[in-house]
Amino acid sequence: MSPAGCPHVNGFKVDNWKQNLRVIYQCFVWSGSAETRKRKAKSCICHMCGAHLNRLHSCLSCVFFGCFTKKHIHEHAKNKRHNLAIDLLYGGIYCFVCQDYIYDKDMEQIAKEEQRKAWKLQGRFFPLFSQGQWEKYSTWEPTKRELELLRHNPKRRKITTNCTIGLRGLINLGNTCFMNCIVQALTHTPLLRDFFLSDRHKCEMQSNSCLVCEMSQLFQEFYSGHRSPHIPFRLLHLVWTHARHLAGYEQQDAHEFLIAALDVLHRHCKGDDNGKKANNPNNCNCIIDQIFTGGLQSDVTCQVCHGVSTTIDPFWDISLDLPGSSTPFWPLSPGGDGSTLNGESHLSGATTLTDCLRRFTRPEHLGSSAKIKCSGCHSYQESTKQLTMKKLPIVACFHLKRFEHSAKLRRKIPTYVSFPLELDMTPFMASSKESRMNGQYQQSVDVFNNDNKYSLFAVVNHQGTLESGHYTTFIRQHKDQWFKCDDAVITKASIKDVLDSEGYLLFYHKQFLEYE
Amino acid sequence: MKMEDMSLSGLDNTKLEALAQDIYSDLVEDACLGLCFEVHRAVKQGYFFLDDTDQESMKDFEIVDQPGVDIFGQVYNQWKNKECVCPNCNRSIAASRFAPHLEKCLGMGRNSSRIANRRIASSNNMNNKSESDQEDNDDVNDNDWSYGSEKKAKKRKSDKVFLHSLKQHIPLNPNSPRRSKSVKHKNGELSNSVNADPYKYNYNTGINYETLGPDELRSLLTTQCGVISEHTKKMCTRSQRCPQHTDEQRRAVRVFLLGPSASSLPDADTMVESDCYDASDGQVLMSRLQWDGSSDISPSDSASSKASTNNSDSKKPKKKKKMSLGLNSTGGGGGSGSGGGSSSQTSLVGLSNRKKKPKLPVPPAPSIYDNLN
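- Chain A carries the name Ubiquitin carboxyl-terminal hydrolase in an unreviewed UniProt entry, which gives Oncorhynchus mykiss as its organism.
- Comment text from UniProt for chain A, heading Subcellular location (unreviewed entry), reads "Nucleus".
- Recorded in UniProt under Catalytic activity (unreviewed entry), the annotation for chain A is "Thiol-dependent hydrolysis of ester, thioester, amide, peptide and isopeptide bonds formed by the C-terminal Gly of ubiquitin (a 76-residue protein attached to proteins as an intracellular targeting signal)."

So, in structure tokens, the structure goes:
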């Protein structure tokens, strides 16, 4: 018997008590259908004063309703020696001898089952799949054994706002700052962190070379409370083994590393998606795909018949051109002079991330040298192409194309691009496309639609030249608390530092998550 | 108050307001009651206070925001001596040099052969006690391994495959028997070449004993074969178990160079003869190695990329000394080795089509790491 139970239930647990209890729950506590709700409303009133609120309780041993506030149920208990009553609002069991609500394991089990049945009748939604059926979400409760262990070990590592746990430096293994900065960004991706800290990866790889396992280990290292920087040599070895094109002691591109790492993680994640073997890349439900994969819609419109051919491609990141590269940035729309867009002048002020996104999703005239075969006209015609977001990933990564590798020159484009802390992607969605057909870029925001709102949580910066440079990362640990990760050294950073930085890779996280 | 059907149409606004207010306050009260039950249950079941922690622990993990220190309150740049164990060759490498080491170790660098060539051309000085130079000379004079450049690539591949099948030998011993084994048991190519054509080898480097003082000679002779070649009048720079010379020759050299009282080769039983080590051997090794100058833990990895010699093998003999000094590899040095190794093994097999199995069985050698871990 648990400490929360009481010995007085034994008197009740005789004969057909389970069935009786179920009936009480079904009729008087959890009302599944409209009729039961009505019946409850009409019949459940205090037998002494007629109140139907006042914390009405039902006696467990006989048919009696009494209110708690006026102690009518207490009187009944004393008179009839019926020690137990049930609260009709939340189903808690009260013991008059103990004078407190008690929690008996068997009775709680029955309560839980009856509640689930009622909810199902009500058509309620169960988000959690556990032990073979769909359940409502419930917080973790320790078992008796766990409670014992926890009581014997009172020192805790509690993560509060002013806590270093979750932050850790990474030793540079020799030009590996490109790897370190991506690792910092990934370990501070909230959903990924939750996935690994709740131990959700079930490894199915035979050898010891699963990158997802190593990632899991990495999270353990980050949350271990150790202050000395971690040495990610195993990670480097595994990445080089699985992504040959990255191997080699030389400076690499962080963006390339991100894509390669996500790819290897995705490949190694096979066994995690509820048992569905995801060999089909379009059907994969691994954590990497759930978090990072978005859908990019490409519409090619024939200029003659205006027929649209649409394809949707998956993406993990969006690569944005910058002003200052050899391909012209302005004007944004073909034929438009681009000087004022909806009242905003682009010539003054710095380029913003939104500008880059607008350019990315602009309709692009493909020109007479690139005619597309139109299925409507059955001939080659000129067309315009436009990219929009069909499905937004939970974590959106923007890659500012600062490294130019054209035929003539290879250089770094240092143009400052200002990026916001909060970003609304609604204007760039496929669904918003119609309103932009004329080149009008509306920024009207529907305040009730939270689907497309993102907030910044990591910024990767590059200092130096194309040939040689150094990567650092700003990450957000708690709301509005930012840190600069420079290999082994982690320091506190201000929001201004973050927003003033050049920006190379920008990581945004969806603000509101909804279950499907 | 009995529940009865009420019609709302006859009521005026104030009554309706009052009703709405009643309903609202009932709802709020019910919600509060729900919260009370939650807390009550948590306290009674014992998990309400679970996440409370003591002040001391909280203080421990507070973020520090001072100039010159990181968030843990640590000064920058104190991490120069961090080490790790290479999953491929199981050697302890300085963390900041791990990437270049791994590149050579896995044989995937484009720099490997270029640097190795440079090394062979430039290494000439045996007086310098730095690791890399000793390494170089050792390898170059190593008749087993020093080929002309045209043989480099082919040789390296085959050696690599061979090596990985031998990787269970944790080569802490500078006089690793591996070398002799490989000469004896490797099929065809290598063993033949040892005796086939001595004039192919590079005689430009070597130790001229006449230029060394007695102290230097003494220290040199504790780690090297030292037998003076009749052709070149130079000392053999291979290990003390080099198969080309006998112990008798070595003893003779020592007597010749250091005088009859010079202690000859160390006793056989303090040397590790087999692949099995235990802690006492380690202790002996460590005490002997204390002498060995440089405090630089890792093999400077550029040194490891000898052209003809395969990377891992050439490094091992000398470098192992350094490793045993600093066996504080983070997490599972011994254990993780096999994992990393197996993966690299499969990838290297892909590289080379010939897989040479050593004739000797390969016992999993308990290493010094196991004991210390």
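Structure shown, so let's carry the discussion forward.
### Quick look at unusual backbone geometry
Leave glycine aside and you will find that most residues have negative phi; peptide bonds, for their part, are mostly trans.
Residue and element names in this part refer to chain A.
Argument step 1. Its identity is not glycine, yet arginine 81 carries a phi of approximately 60 degrees, on the positive side.
Argument step 2. In this structure, arginine 81 sits in the loop between helix H3 (72-80) and strand S3 (84-87).
Argument step 3. On the basis of relative accessibility, which here comes to 70%, the residue arginine 81 falls in the exposed class.

### What about the sheet that holds strand S9 (residues 308-315) of chain A?
Two orientations exist for strands paired in a sheet by backbone hydrogen bonds: parallel and antiparallel.
Argument step 1. Read from one edge of the open sheet, four strands run S9-S8-S17-S14 (chain A), paired in antiparallel fashion. In the strand order of this sheet, the two ends are held by S9 and strand S14 (364-365) of chain A, each with one partner.

### Re the packing of aromatic side chains
In this description, an aromatic ring pair is defined by two values, namely the gap between the centres and the angle between the planes.
Argument step 1. Applying the stated criterion across every chain, the model contains 17 aromatic pairs over all chains.
Argument step 2. On the basis of an interplanar angle of 70 degrees and a centroid distance of 5.2 Å, the ring pair of Phe403(A) and Tyr504(A) is categorised as edge-to-face. Taken together, the positions of Phe403(A) in strand S19 (residues 403-405) and Tyr504(A) in the loop between helix H14 (495-500) and strand S27 (505-510) put the pair 101 residues apart, joining distant regions of the chain. In terms of burial, Phe403(A) and Tyr504(A) fall into one category: buried.
Argument step 3. An aromatic cluster is built from Phe68(A), Tyr90(A), Tyr94(A), Phe96(A), Tyr101(A) and Phe37(B), whose rings are joined through pairwise contacts.
Argument step 4. One residue, Arg55(A), lies across the ring of Phe68(A), its end atom 4.3 Å from the ring centre.

### Description of a nonpolar patch on the surface
Argument step 1. Taken together, the side chains of Leu35(B), Val39(B), Val43(B), Phe48(B) and Phe49(B) define a hydrophobic patch exposed on the protein surface, amounting to about 450 Å² of accessible area.
Argument step 2. Locating Leu35(B) in the fold gives a position in helix H1 (residues 13-45).

### Here's the deal with the side chain of Thr473(A)
Residue and element names in this part refer to chain A.
Argument step 1. Assignment of secondary structure puts threonine 473 in strand S24 (residues 469-478).
Argument step 2. Threonine 473 gets classed as buried once you look at its relative accessible area, which sits at 0%.
Argument step 3. Looking at threonine 473, its side chain comes within polar contact range of the main-chain oxygen of cysteine 181, at 3.3 Å.
Argument step 4. Those residues in contact with threonine 473, other than ones at most four positions away along the chain, are Cys181, Gln184, Val459, Val460, Phe483, Lys484 and Cys485.

Calculation rules
- Residues numbered from 1 in each chain as written.
- Chains lettered and ligands numbered in written order.
- Predicted model: local features only at pLDDT ≥ 70, side-chain atom pairs only at ≥ 80, totals over all residues.
- Heavy atoms only, no water.
- UniProt positions renumbered as here; feature names shortened; annotations may be inferred.
- Helix = DSSP H or I, 4+ residues; strand = E, 2+ residues; numbered from the N terminus.
- Buried < 20%, exposed > 50% of the residue type's maximum accessible area, 1.4 Å probe, protein only.
- Pairing = 2+ DSSP bridges.
- Phe/Tyr/Trp six-rings, centres within 6.5 Å; stacked < 30°, edge-to-face > 60°.
- Lys NZ or Arg CZ within 6 Å of the ring centre and 35° of its normal.
- Patch = residues over 30% accessible without salt bridge, like charges linked within 9 Å, V, L, I, M, F, W, Y side chains within 5 Å.
- Areas by Shrake-Rupley, 256 points an atom, 1.4 Å probe, with all protein chains shown as cover.
- Salt bridge = Lys/Arg side-chain N within 4 Å of Asp/Glu carboxyl O.
- Polar contact = N/O pair within 3.5 Å; in protein donor to acceptor, adjacent residues only side chain to side chain.
- Contact = heavy atoms within 4.5 Å.

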